[in-house]
Each structure stands twice: as C-alpha cells, then as structure tokens.
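The lines below spell out each chain.
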Amino acid sequence: MFLEQLINGVTLGSIYAIVALGYTLVFGVLDIINMAHGEIFMFGAFVGMLLVSKAGVPLPVAFLGAIAVTGAMGFLLERAALRPLRSRPGASNLASLISTIGVSILLENAAHRIFGAGNHPFETPFAEIRFPVGPVNVYLVQVLILLISLLLMAGLALWLSRTRGGKALRATAEDLTTAGLLGVDTDRMITVTVVIASAMGGVAGVLIGMAFNYINNQIGLSMGLKGLAIIIFGGMGSVYGAMAGGLILGLSETFVVAYGSSGYRDAIAFVIIIGVLLVRPQGLFGQAAPGTGH
Amino acid sequence: MEWINPYHLQVASFVLINVILGTSIYVTLSTGQLSLGNAGFMSIGAYAAALLATKYALPIPVGVAAGALLAGAAGALVGIPSLRLSGVYLAIATLGFGEVIRAVAINWESLTGGAVGIAAIPQMGRVVLAGARDLGFSPASLGLKPNQFISLTVFLILLVAAVLTVAFFLRLGRSRVGRAYAAIRLDERAAEASGIPVTYYKVLAFSQGAMVSGLAGALYAHATSFISPADFTYHRAVEILVFAVFGGSGHILGPAFGAAFLTVVPEALRAISHYRYILYGVLVVLVVIYRPQGVIDPPLLRRMRGDRAAEAA
Amino acid sequence: MSALLALERIGKSFGGLTALSDISFSVNPGEIVGVIGPNGAGKTTLFNVITALFPPTEGSVVFDGEAIAGLPPHAVARRGIGRTFQNVRLFADMTVEENVMVGRHCRTRAGALRGVLRTRGEREEERGIRQRSRELLDLVGLPGACSGQAAGSLPYGHQRRLEIARALAADPRLLLLDEPAAGMNEAETKEVSGLIRKVRDLGMTILLIEHDMSLVMKACDRVVVFNFGRKIAEGPPSAIREDPGVIEAYLGSAEGAADA
C-alpha cells in the first residue's frame, strides 16, 4: 500500500542520509573519501546491539555508547591513517582513499573475529509497538528513527551555520590553505570533522540496527556503498545533497522492491552512481566538475 | 613423483591467477587511473567462459579468449567515463560498476544460475587428461597419479598464461605506448602538450586492464570448475588493489610480487591465515604511509640489477 | 609572406576575471618574437590558449592558415606547436632520454600490439626515435652521460634544456618557450640565447615569454608587450626600449618583475 511504502521509504532514506553525511563531511573538508566510514558505523551498530540486547540498557545510553566508541575510532583513524599522509608532499588523494580502504579491511575482519559472522538480532523493547495514523499503521521505531535523523540533521545544519566551530569548519572545507593562513588550526578542524562524522556514524549504526532488527559485519560494506552512491548523487561535500540524496535513494529502493523486483534493490544505488557520473558528474548539488582540478 | 603435491600445485595455481589479476590493476594504474571494478570484469570473463563451455560446448581456449575480449569490450565502455572522471570519482564509479555486474549475476538466474552460480564447468586439467587418454596416453607412464597430472596441467597452463601476460605488459612498458602511459601518469598536461592523445590511451589502458581481469576470470572458471557471484565481490576488487599497493605499482613486477607474496604467506603460515585480512588491512596502511610506492619500485630493481652486474664484473 | 601564427582578437576570462582581451598579433615563419610584460599580464594564459589547454572566450587562433580552436591539445601539438612550461614540467621519474622519446610520440606510429611483438618496423621506428632523441640532447647541450639519469634529478638549468629537447622532438614548426632563462645566471642565459637562435636557424619559429631583458633584446626580432591582459605595444626591440608607454607600464609598475 502506497502510504505505508512511503513511510518505509522515508525511514530508510533518513538513515541513508545520516550515513551519507558521514562521508560528505569528511570529503568536504579533506577532499578524500573515507572508505572506512562504513566499518566505523558497523562498530557503532555492534556497540549499540551489545548495550541494548545484551546489557539491557536504555536506548539513549546505547546511542551514547556507540557515539563514544565510533568517535574514538574516528580520532584514531585520523591520527593513524590520514594525518601521516597529509604531512607528506605529493601524496595524492588516491593514497588516502587506499589507506582508508586498508583500515576498512582491518575493521571488517576484526569485527568478524570479535563478533563472529552471521546475523546478530538487535532487539529493542518496543520493536512491535505500532499505532494507527489515519489509514496506516506506523511503527514506533520508524517514528523514532525519523525523529532522531531529523534532529541530527537540523543540529548539524545549525552547528555549521551558526557556531564558531561550524564556521571554522566551513572555512576549512572551502580552502584548507587559506583557512590555515587565517589562523584556523586546520589539523584540529580536520580531527574534529572526522570525529564528528564518525560519531554520526555511531548514531547511524544504531539506527540501522533498530530499523532492520539485526546486524552483521557486512552492513558497513553494504550500507557504506550506498552512502557513497548518495554523495556522488547529491554532490561530493554537499550536506544538503547528502540529505536529499539519502531520501531519494531510500524511497526509490522501497518502491522498486514494493512494485518491482527485490533482487535489484542493491543495484539501484550503483546505477544511480554510474548514471549521475555520466550525465552530471558534479552531482545534484555539486558545483565544480570533478574531472578537472586537483 | 611423490613430491608433486596437488595441494601445493593448487596454491601455486591461485598465485598465478592472482598474478594475472595484479597485472590487470597495474595496467590501469600505469596511466594513473584507479579501478575498483576489476572483480566485475573478472566475473564477465568467468561467466562468459563458463557459459560458452557448459551451454554451447565450445572448446576451452575459445571460451577463454571470448571471455577476455568481452571483458575488454566492457572495459572500453566503462572506460569512456574516464574521459571526464578522475581520481576518486573513477574509483567509486568502477566500484559501482562491479556491484551492478554482481547484481545482474545474482538476478539473471536463467542465464547465470543466480546466487548458486555455475557448476560442472569443464576443468582444464581433466579435459587435457581426457584428451591425452583418447590418444592412448596414461599419466602413469610419467609416474604420475591422475590427480597429480590434473593439478600439474592446470598449474602449467596458468604458468604459461601468467608469464605471457606479464611479458606482454613488460614489453609494452618499454614501447612507445608504454612511454605514453607513463607520461600520462606522471604529468597529464605535459603529456598532452607533447602530443599524446591522453583520452585514447586512458581508455586503452582501462580496456586492457579489464581484458586481463577477464582472462583471469575465465581461467579461474576452468581451473575451479565452479563459479558464483560470491567469487567476484567488492572484497575481490580490494584484494586485487592490495596486491598492487603492497607490491608496488611503479613496475609490473610489483603487483606480481604482491600477489605471490600475499597468497603464499597466509597459506604457508596457518597461524596467520586466520588473521590474513586483518593483516592485509594493517599492511596497506603501513605501506601507504611508509613506502607509498610499494615494496618493489624501479630504483630497487635497478639496484638489484646493479648488484648482479657488479657481482658479475 | 603569410603569418605562421595569427591571433585574432583573443579574449579569455575566468569567471568574472578578464585575463586577456582583444589580443591580436601574428608571428611570421622564421621569426623570434618575444612576449614581455609584468607578472600577471596574461602571457602564460596566452600560451595556454594557443596550445588549447583551454579555449579562448573570444577570437580565434589561426595556425598556418587554419583555425585551430576546438582541437584538443595533443592535436595542436601534432599540427606543429610545441611548448615548454613556466615551471618546468618534465616526467620526473623517467630517464632523460625517455622524456625526449615521449616528445617524439606524435611523429611515430607503432601501436600496442606492434610494440609488444617488436616487429621489424617497430624496432626500426624505436631506433629512429632513440637516435633523434640523442641528436636533440646533443643540440640542447645535454651531455650524453646523463641520458640514463632520472629527469627529476638533473640540475635546474639542465631540466630547462631537456624540456626544450622534448618539445623539439615533436618537430614543431612553432615553439613556445615560457621563460626559458628563468632562474639562470648570466652565463647560462647567454647559452640559452644561443640555443634559441640555433633552433631558429634550423627553420623553427619561436614565440617566447621572458623577463630577462638582455635575452629579449638580443634574441628577438620583434617584441609584443602585455599589460593587464592587453597588448600595449609591438615592434622591434630597439623601438620597444624607447617606447614611453612601455617604460611606464613595465618599469614603473613592476621593477621587481623586470629584474627577476
């Protein structure tokens, strides 16, 4: 039924948007794609799962736990895999792409060793609670996911546009060298960005667990690839592009599954990538053409 | 002939397939383009060869050649975006391409067997053995058991393929086209101004890389006699990349070394093999930071050659 | 005598910034023409327009009687326009000889397959490329001993010469030199000046950007002066030296650039 699918699509899309924001923030500032982001939010999902399903703590605590762990991972990632490359002259942005791929391999397989393969149920106490809204039944979980995502996006938008830290970050994103000359501590800004992006990944991980009721060590990859598709679609480094792109992908996947074939659901993202890159390489909200420069 | 151990030969065969795959990513990298789609091209070669052999009973060499060519053609098609994409965009686009191919392989069940894949693909060692028996030859006359003969045959065929592939690109590297590739990698703008049609060579290199991936895939299909979409995931693409990053992409022997080293060491050290991919990850980060050109680079090769020359003198 | 290169009302702007406007002049076969002007006057932009690194916003570039606007850079090189760059752009990891061999690319033909099979024709072609490269290294005065060295490891002055050799390898009819004597001492500058004339005597036409006035005055047949993206004077060196407009624009505004 259309309305239900619409709600499902928006829920899924808002999670995608949060995932994509993690990529786009880092790209906006550093011009690199953090291929380890997927694995970082996968860890966030596992931390959330352990806290909620095993330790039985309330959901907000699980979010905080996931944020703490993924934020710390972001910090380590920046120190171990990104900063050493920045200080080296002539390191291309392919080098950091590859080093973050290295981190992603490491984390994915570390998760495999720690948590094992296979699905882990992600049980929330209110998984079955739903209530009628007009003609459709809405799950409480869906409402929560939507609310949290919206809060997070609004918070991020406010932070970027209103606060000093946010403005410094935007200046850094605009032009790393100039921001440095203007007295912005760019190394610190970069660390802050990666940590914030990773912490958002922690939230995304828990949301994914809530939405699908299970997690495994492959969600970093499968959801991460979608996040990449979204930022290419929305325009690399564009915050609003990530939000819009996430919603569009969530909706199109939901409707393709509902009215078409479920098998190709995961391919939609990549058809989008290839299509966008051919037709409008700068993405929906992007400005510079990617083929030139850098 | 007890020392001919089918298990060792099997490991060696995988090394050789990985050497070919390492070469495939080297070729595209030699023009400065990073492809994460080589697993996709590999699967095109594998499926084409497998289908031609199982559905149309075509001889293996025909299927392998067709698989490689088809992958090369797909590479040319995908390579056209490299006209306008560079760096990370190309990497992500090719990654997306690989996933689309895999989705097609999973969903086009009537052709590809879906997630289950294709089984009973003629295994090249067995086919050679059957042919030899028809001619009245028995492996026992060489003192070999049939399974020894089969493994040995597969190994030898792959050895020839790997050596030919590496030799092809080694020679290409020293030719006019190879110089153009290197010029494009080192300074695209200067290459253009020197009269090199950059776009043409980028697409050519991309397509050659895809073709070599397809060749590896086709050989893989006929070596294992079973393929499924799980063989050609993103992880495979990343593994191929790791060969090149670890071994070094400045010289063709780099990825070949990377493929050989990273295939053999985990097999040899069982204790490590559990942590194989974790180690891959650590290795990649360390290499990118401390030896960005990879283990093997032209100066190292020159030194080794110099030492040998010095010893000879 | 018809001009080898004719620039007709060239204009180029980036976003709102005008880098070049209404530039017209021509270069005749066998001439050495100097382009001078303060930093930021648009000289290098002009070179980039001529070699099609980016298209002009207005006007046309006519080379040997044909408009070459719209051609990709490699095709322009093939037509016979070679260049060097202000900040030397060599293929640093390749050897000195290979750099020149790359320059020969558009005058040779062997494709991938022939290169791998090393057919007789291909081997002959390679021999030709190698021989020509050696000749050119010789011509620009690079000792044969350094031909196997990595280009990036050469001393700066040698890198500039190597870049000229690479450009010459494509048999250009017009050679664009972007500050060939930058960063050189007096003796080296003299050598470069001699090299430029030697190249001209081989039948090439030269357009060069240079800040070193002694080189411009000695080597050039004609000088074009730029300021703020416009041509403000054109004439033989002796006349340019006396031109009050030039003296004011050039010496008055950018003494630092003039003695750079």
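Here the structure is shown first, and the text comes after it.
Residues numbered from 1 in each chain as written. Chains lettered and ligands numbered in written order. Predicted model: local features only at pLDDT ≥ 70, side-chain atom pairs only at ≥ 80, totals over all residues. Heavy atoms only, no water.

Here we look at the pairing of strand 4 (residues 58-63) of chain C
All names here are of chain C. Where strand 1 (residues 5-14) meets strand 4, five bridges bridge the pair, whose relative direction is antiparallel. Looking across to strand 4, one finds that Leu7 is bridged to Val61. With two bridges joining them, strand 4 and strand 5 (residues 66-67) adopt antiparallel strand pairing. Each residue of the ladder has a partner; that of Val62, found in strand 5, is Ala67. The loop that links strand 4 with its antiparallel partner strand 5 comprises two residues; one of these, Asp64, has a positive phi angle of about 55 degrees. (Pairing = 2+ DSSP bridges. Helix = DSSP H or I, 4+ residues; strand = E, 2+ residues; numbered from the N terminus.)

Side note on the sheet that holds strand 9 (residues 222-227) of chain C
Residue and element names in this part refer to chain C. Taken in spatial order, the six strands make up an open sheet running 6-7-8-3-9-10, and their pairing is mixed. The outermost strands of the open sheet, each flanked by one partner alone, are strand 6 (81-83) and strand 10 (230-235). On average, each strand axis in the sheet is tilted by 20 degrees relative to the strand beside it, whichever way the strands run. In this sheet, strand 8 (residues 205-209) lies alongside strand 7 (residues 174-178) in parallel orientation, the contact comprising five bridges. Residue pairing across strands places Leu174 opposite Thr205, the latter belonging to strand 8. Contacts between helix 1 (residues 43-50) and the sheet are confined to strand 3 (32-36), strand 6, strand 7, strand 8 and strand 9, with strand 8 contributing the most and set at about 140 degrees to the helix. Taken strand by strand, helix 7 (residues 186-201) contacts strand 3, strand 7 and strand 8, and its axis lies near 155 degrees from that of strand 8. (Axes fitted to C-alpha atoms, helices over the stretch in contact; angles between N-to-C directions. Contact = heavy atoms within 4.5 Å.)

Brief notes about helix 5 (residues 120-139) of chain C
With 20 residues, helix 5 of chain C should cover 28 Å at 1.5 Å per step; its first-to-last C-alpha distance of 28 Å lies within 8% of that length. Contacts from the buried residues of helix 5 of chain C go to helix 8 (176-186) of chain B together with helix 3 (96-103), helix 4 (112-117), helix 6 (156-168) and helix 7 of chain C. (Expected span 1.5 Å × (residues − 1).)

Here we look at the interface of chain A and chain B
Chain A puts 42 residues into the contact, and the matching count from chain B is 40 residues. Contact between chain A and chain B buries roughly 3,500 Å² in total, counting both sides, with carbon and sulfur atoms accounting for 78%. Between the two partners, chain A and chain B, sit zero salt bridges. At the boundary of chain A and chain B, one finds one residue pair in polar contact (both at pLDDT 80 or more). Counting only elements with at least two residues in the side of chain A that touches chain B, the list comes to helix 3 (59-86), helix 4 (93-115), helix 9 (219-234) and helix 11 (265-279) of chain A. The element contributing the most residues to the side of chain A that touches chain B is helix 4 of chain A, with 15 residues. Of the residues contributing to the side of chain A that touches chain B, the split by class is 32 nonpolar, seven polar and three charged. (Buried area = accessible area lost by both parts, 1.4 Å probe. Salt bridge = Lys/Arg side-chain N within 4 Å of Asp/Glu carboxyl O. Polar contact = N/O pair within 3.5 Å; in protein donor to acceptor, adjacent residues only side chain to side chain. Nonpolar A, V, L, I, M, F, W, Y, C, P; charged D, E, K, R; others polar.)

Examining helix 1 of chain C
All names here are of chain C. Within helix 1, seven of the eight residues are buried, which leaves the element mostly enclosed by the surrounding structure. Among the residues making up helix 1, those that are buried are Lys43, Thr45, Leu46, Phe47, Asn48, Val49 and Ile50. Where helix 1 terminates, the next one or two residues include Ala52, which has phi positive at roughly 65 degrees. (Buried < 20%, exposed > 50% of the residue type's maximum accessible area, 1.4 Å probe, protein only.)

A few points about the packing of helix 2 (residues 37-54) of chain A against helix 9 of chain A
All names here are of chain A. Contact pair helix 2 / helix 9: the axes reach a minimum separation of 8 Å and the direction vectors enclose 130 degrees. Of the possible angle classes, the one that applies to helix 2 and helix 9 is oblique. When you trace helix 2 past helix 9, the crossing you get is right-handed. Residue-level contacts link Gly38, Glu39, Phe41, Met42 and Ala45 of helix 2 to Ile219, Gly220, Leu221, Met223 and Gly224 of helix 9. Per-class residue counts for the contact of helix 2 with helix 9 are six nonpolar, three polar and one charged. (Parallel < 35°, antiparallel > 145°, perpendicular 65-115°, else oblique. Left-handed = near helix turned anticlockwise from the far one by under 90°.)

Coordinates in, geometry out; function isn't part of it.
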